[in-house]
Amino acid sequence: FQLTANGRVLPLGEVKMPFTSWGSIRDARGLAIAPAVPGGWIAAANYIKKIGNPPPLVFPSLDQSGPIADLEYDARRRQLAVVHGNGAFSLCGRREFATYNPIHIEDDTAIDIETSPAGYYILTRKGKVYEAGGNQAVLLHEDPDLGEGLVCDLEVPPDGAGFYLLDVFGVIHAYGGAPPV
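Anyway, here's the lowdown on the structure attached to this text. (Residues numbered from 1 in each chain as written. Predicted model: local features only at pLDDT ≥ 70, side-chain atom pairs only at ≥ 80, totals over all residues. Heavy atoms only, no water.)

A separate point is the overall build of the protein. If you tally the helices and strands in the protein, you get zero helices and 16 strands. For 181 residues, the compact-globule estimate of 2.2 N^0.38 gives 16 Å, and the C-alpha radius of gyration of the protein, at 16 Å, lies within 12% of that figure. Seen through its C-alpha atoms, the protein measures out along the principal axes to roughly 40 × 35 × 30 Å. Burial analysis of the protein (181 residues in total) assigns 46% to the buried set. For the protein, long-range pairs separated by at least 24 residues make up 31% of all intrachain contacts whose partners lie at least 6 apart in sequence. Carbon and sulfur atoms form 50% of the exposed surface of the protein, whose accessible area is close to 9,500 Å². Of the charged side chains in the protein, 14 are positive and 21 negative, and the gap between their average positions amounts to 12 Å. (Helix = DSSP H or I, 4+ residues; strand = E, 2+ residues; numbered from the N terminus. Rg over C-alpha atoms; globule rule 2.2 N^0.38 Å. Buried < 20%, exposed > 50% of the residue type's maximum accessible area, 1.4 Å probe, protein only. Contact = heavy atoms within 4.5 Å. Areas by Shrake-Rupley, 256 points an atom, 1.4 Å probe, with all protein chains shown as cover. Lys, Arg positive; Asp, Glu negative; His and termini not counted. Charge placed at Lys NZ, Arg CZ, Asp CG, Glu CD.)

So, in structure tokens, the structure goes:
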């Protein structure tokens, strides 16, 4: 699926929409779809909008950590990971939520969160990749050639080995044991 800036979800390839459409959502930043369930969530500014019929989750007050940068549904752990631009992140589960202090990203901005084997990868605008699990975050990757504004996405391969960074020119960079593309 592709999320547009006005909150519309576009199916790509042969994927079918698992839910009905809705009105536009200003400043949509993140989309998470729950697999095998007709629904998911869209993040915009300081709120999360439920779309379709996703699993019921418990959410913290999200307006205290600044705008939401991205979210990711972790089907294995059955929780939604939410990262804010300042590096704060929350895990929203079926019975409870956990909110963690912002990771130390200095004068940078978090832009993406993805599931990792030990927790979650968090990508910043300057191309740094942190692995966060609980109240601990470790800088895994920093590439001066992929500086501010040149990296736009992080993805994890199906086998969970390493990660890929997509730059603004469409080049995919493999790191941490991810097979080359």
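That was the structure; now back to the text.
The next subject is the layout of surface pockets. What the largest pocket holds in volume is close to 810 Å³. Considering the residues around the largest pocket, the lining is formed by 34 residues, among which Asp70, Asp112, Glu114, Asp153 and Glu155 are closest to the centre. When contributions to the lining of the largest pocket are tallied by element, the ones reaching two or more residues are strand S3 (28–33), strand S6 (68–74), strand S10 (110–116) and strand S14 (151–155). The leading source of residues in the lining of the largest pocket is S10, at six residues. Here the lining of the largest pocket is built from residues that sort into 17 nonpolar, seven polar and 10 charged. (1 Å grid on protein atoms, 1.4 Å probe; cavity = no way out; pocket = protein on both sides within 12 Å on 5 of 7 lines; lining within 4 Å. Points joined across faces, edges and corners; volume = space filled by probe spheres on them. Nonpolar A, V, L, I, M, F, W, Y, C, P; charged D, E, K, R; others polar.)

The next thing to look at is the sheet that holds strand S16 (residues 172–175). Pairing within the open sheet is antiparallel, and its three strands lie in the order S14-S15-S16. Taken across any chain shown, the strands that pair with only one partner, and hence form the sheet edges, are S14 and S16. Going across the sheet, the axis of each strand differs from the next one's by a mean of 25 degrees, ignoring polarity. Bridge count for S14 against strand S15 (residues 163–167) is four bridges, and the pairing is antiparallel. In the strand pairing of S15, Val151 is matched with Asp167. (Pairing = 2+ DSSP bridges. Axes fitted to C-alpha atoms, helices over the stretch in contact; angles between N-to-C directions.)

Under the criterion given, the structure shown has three salt bridges. For Arg77, the salt bridge identified is with Asp74, shortest N-O distance 2.6 Å. With a shortest N-O distance of 3.8 Å, Asp107 and Lys126 are connected by a salt bridge. Of this pair, Asp107 sits in the loop between strand S9 (97–100) and S10 while Lys126 sits in the loop between strand S11 (119–124) and strand S12 (129–133), and the two are 19 residues apart along the sequence. (Salt bridge = Lys/Arg side-chain N within 4 Å of Asp/Glu carboxyl O.)

Remember, this is a structural readout, not a statement about activity or role.
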